[in-house]
Amino acid sequence: MKEQKEWFTGIDYYNNYKEKEIQIDRLEITKPIELHAHIQVELWYVFDGNAKIEINGKEYQLEKNSFLCLYSHHLYRVYNIQKPLNVIIIKFFIGLFMHMMWEKHESGRNAELVYKTYPMIDGNCDYKIKELFESVYNEKENQDFGAYNMMIYEVLELHTLYCRYALKNINKCTQKDIWYIIQRIILSPSSIYNVEDAAKELGYHPNYLNQKIRQLTGMTFLELRQFAKILNACALLHFEELDISYIIDQLGCSSTATFYRIFDKYTGMSPIQYQQSKILDIEHYYHGKDIYLQIIQYIFVNFTSPITIKDCAQSLGIKEHTISQLLQDYSSSFSKLLEEIRFLYARTLLEATDMSITTIAMDCGFGSTSTFQRIFLKKKNCTPSVYRKKYKNL
């Protein structure tokens, strides 16, 4: 976080946060879902229904109060639907919680949570779980003031509750099977790991293992390795400060051309296009709103000084044109906002204190008493002295 005059704000922490908003859906699932691979984390809560879900080859019963946390290495399918599933599904990028995770844990704890816990727990373990799912959905539907922040806070709480109770039932099983191999491929895309090595671990013939992996995932061993590289690349691309050549190197791709070809094969676009459409998305409402709030914050912190739009742009690392264009969308400008904030603060001092007009003008950054008098007259149709007398006589 950045320090600003000895105080901190969450918006400083989110200075470079540009991911899309959390996706929240309430669904009735009446038809089977074929084997599904996904990039985002998915939180499920089943309000009613009865079906089965297979996650990485292990079968679970989906019924009322089932609470699931499905990471990107969880391949799942839903089948045997005896009664339609009424569910709320929340999707988000794990980077959201990497940005917001303030609590420190012992080494390896987070990896244990992601890779060793069961993907489903009984939602009855805590009454807040069901309430939080309903609250998140209502925030998304109603869009009241602060809805986006409330969704983030409540989804963070849901994810934390899942982690808390999942750890109490952690899966200690280390038995190696084909799904163990599949998970290892997805989680270790840069390792030099071929079908012969994997087959040797299980005591299978490489051709037999390749055939079984294809039956389970729809991909051969080699295709699954390629898919894993792209899956992990998509996650790394959410950190825009990482150079693409660095990501390619970390994933162990043989060449840049190969990486781009495989990326296009599985996503239908280039890495840059993926960032622009899925992450940076500069036209996205919340991204623009975040910058707007940063500008407002900068003015509130510094309005007592002779600041300019150039100073603001340098402080926030944003182009002056970007600030002007964004404020124009809000039917305003930097000078108008600065003037309004100085005026509001000055009016409060007139009402609440006996400070002189000159002192108020200087403390509020107007630069001179005449400038203060002119702006106040424009906004209130009277001088500061007359306004103070009227206010005191109310």
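Rules used throughout
Residues numbered from 1 in each chain as written. Predicted model: local features only at pLDDT ≥ 70, side-chain atom pairs only at ≥ 80, totals over all residues. Heavy atoms only, no water. Axes fitted to C-alpha atoms, helices over the stretch in contact; angles between N-to-C directions. Helix = DSSP H or I, 4+ residues; strand = E, 2+ residues; numbered from the N terminus. Parallel < 35°, antiparallel > 145°, perpendicular 65-115°, else oblique. Contact = heavy atoms within 4.5 Å. Nonpolar A, V, L, I, M, F, W, Y, C, P; charged D, E, K, R; others polar. Salt bridge = Lys/Arg side-chain N within 4 Å of Asp/Glu carboxyl O. Buried < 20%, exposed > 50% of the residue type's maximum accessible area, 1.4 Å probe, protein only. 1 Å grid on protein atoms, 1.4 Å probe; cavity = no way out; pocket = protein on both sides within 12 Å on 5 of 7 lines; lining within 4 Å. Points joined across faces, edges and corners; volume = space filled by probe spheres on them. Pairing = 2+ DSSP bridges. Arc of directions from axis to C-beta. Expected span 1.5 Å × (residues − 1). Polar contact = N/O pair within 3.5 Å; in protein donor to acceptor, adjacent residues only side chain to side chain. Phe/Tyr/Trp six-rings, centres within 6.5 Å; stacked < 30°, edge-to-face > 60°. Lys NZ or Arg CZ within 6 Å of the ring centre and 35° of its normal.

> Looking at this structure, how should I read the packing of helix α7 (residues 195-202) against helix α8 (residues 206-217)?
Helix packing geometry: the angle between the two helix axes and the distance between the axes. Their axes nearest at 9 Å, the elements α7 and α8 cross at an angle of 95°. Compared by their axis directions, α7 and α8 come out roughly perpendicular. Residues V195, E196, A198, A199 and L202 of α7 form the contact with α8, whose participating residues are P206, L209 and N210. Partitioning the contact of α7 with α8 into residue classes produces six nonpolar, one polar and one charged.

> I tried to follow the environment of Y193 on my own but got confused; where do I start?
Along the chain, Y193 falls in the loop between α6 (178-187) and α7. For the pair Y193 and R225, spaced 32 residues apart in the sequence, the C-alpha separation amounts to 9.0 Å. Here Y193 is in contact with I181, R184, I185, A198, E201, F221 and R225, once residues within four sequence places are set aside.

> Mind showing me how you'd approach the pattern of salt bridges here?
A side chain with one charge may pair with a side chain of the opposite charge, provided their charged atoms come close. Tallied over the entire structure, the rule returns nine salt bridges. Between E157 and K128 there is a salt bridge, with the nearest N and O atoms lying 3.6 Å from each other. On the criterion of sequence distance, the pair formed by E157 in helix α5 (residues 147-168) and K128 in helix α4 (residues 127-142) is long-range, its members being 29 residues apart. The exposure class of E157 is partly exposed, given its relative accessible area of 30%. Where E340 meets K379, a salt bridge forms, and the shortest distance between an N and an O atom there is 2.9 Å. On the criterion of sequence distance, the pair formed by E340 in helix α16 (residues 334-352) and K379 in helix α18 (residues 369-380) is long-range, its members being 39 residues apart. With relative accessibility at 31%, the residue E340 sits in the partly exposed group.

> So what exactly am I meant to see when it comes to empty space enclosed by the protein here?
Tallied over the entire structure, the rule returns one cavity of 30 Å³ or more. In this structure, the largest cavity spans a volume of roughly 30 Å³. Counted by class, the lining of the largest cavity contains three nonpolar, two polar and two charged residues.

> It is not clear to me how the pairing of strand β5 (residues 66-70) should be interpreted in this structure. Could you clarify?
It is a general feature of regular strands that their side chains alternate between the two faces of the sheet. Along β5, five of the five residues are buried, which leaves the element largely enclosed by surrounding structure. Burial along β5 is two-sided: S66, L68 and L70 facing one way and F67 and C69 facing the other are all buried. Two strands pair when backbone bridges link them, and strand β3 (residues 41-55) and β5 are joined in this way by four bridges, in the antiparallel orientation. If you follow L43 over to β5, its bridge partner there is C69. For β5 and strand β7 (residues 120-122), the ladder comprises three bridges, and the chain directions are antiparallel.

> Looking at this model, I keep getting lost on α6. Mind explaining?
Three- or four-residue spacings in an α-helix give side chains the same orientation, since the helix completes a turn every 3.6 residues. Residues of α6 that are buried include every one of I178, W179, I181, I182, I185 and I186, and no others. One side of α6 holds all its buried residues, which, seen down the axis, span an arc of 155°. Where α6 is buried, its residues contact α7, α8 and α9 (221-236).

> I would appreciate a short explanation of α9 in the present structure.
Its 16 residues give α9 an end-to-end C-alpha distance of 23 Å, which sits within 8% of 22 Å, the value for a rise of 1.5 Å per residue. What α9 keeps buried is the set F221, L224, Q226, F227, A228, K229, I230, L231, A233 and C234.

> Where do I start with the side chain of T217 in this structure?
For T217, the location among the structural elements is in helix α8. A polar contact of 2.8 Å, which involves the side chain of T217, links it to the backbone oxygen of I213. Polar contacts involving the side chain of T217 include one to the main-chain amide nitrogen of M219, which spans 3.1 Å. Residues in contact with T217, not counting those within four places in the same chain, are L35, L75 and I182.

> Whenever I open this one, the packing of aromatic side chains confuses me. Can you help?
Applying the stated criterion across every chain, the model contains 16 aromatic pairs. Between Y45 and F47, the aromatic rings sit 4.9 Å apart at their centres with planes inclined by 65°, giving edge-to-face as the arrangement. With respect to class, Y45 is no different from F47; both count as buried. By way of ring pairs, the aromatic residues F343, F366, F372, F376, Y387 and Y391 are connected into one cluster. Taking NZ or CZ as reference, R26 lies 5.9 Å from the ring centre of Y137, over its face. The ring of F343 carries the charged tip of K379 above its face, separated from the ring centre by 5.7 Å.

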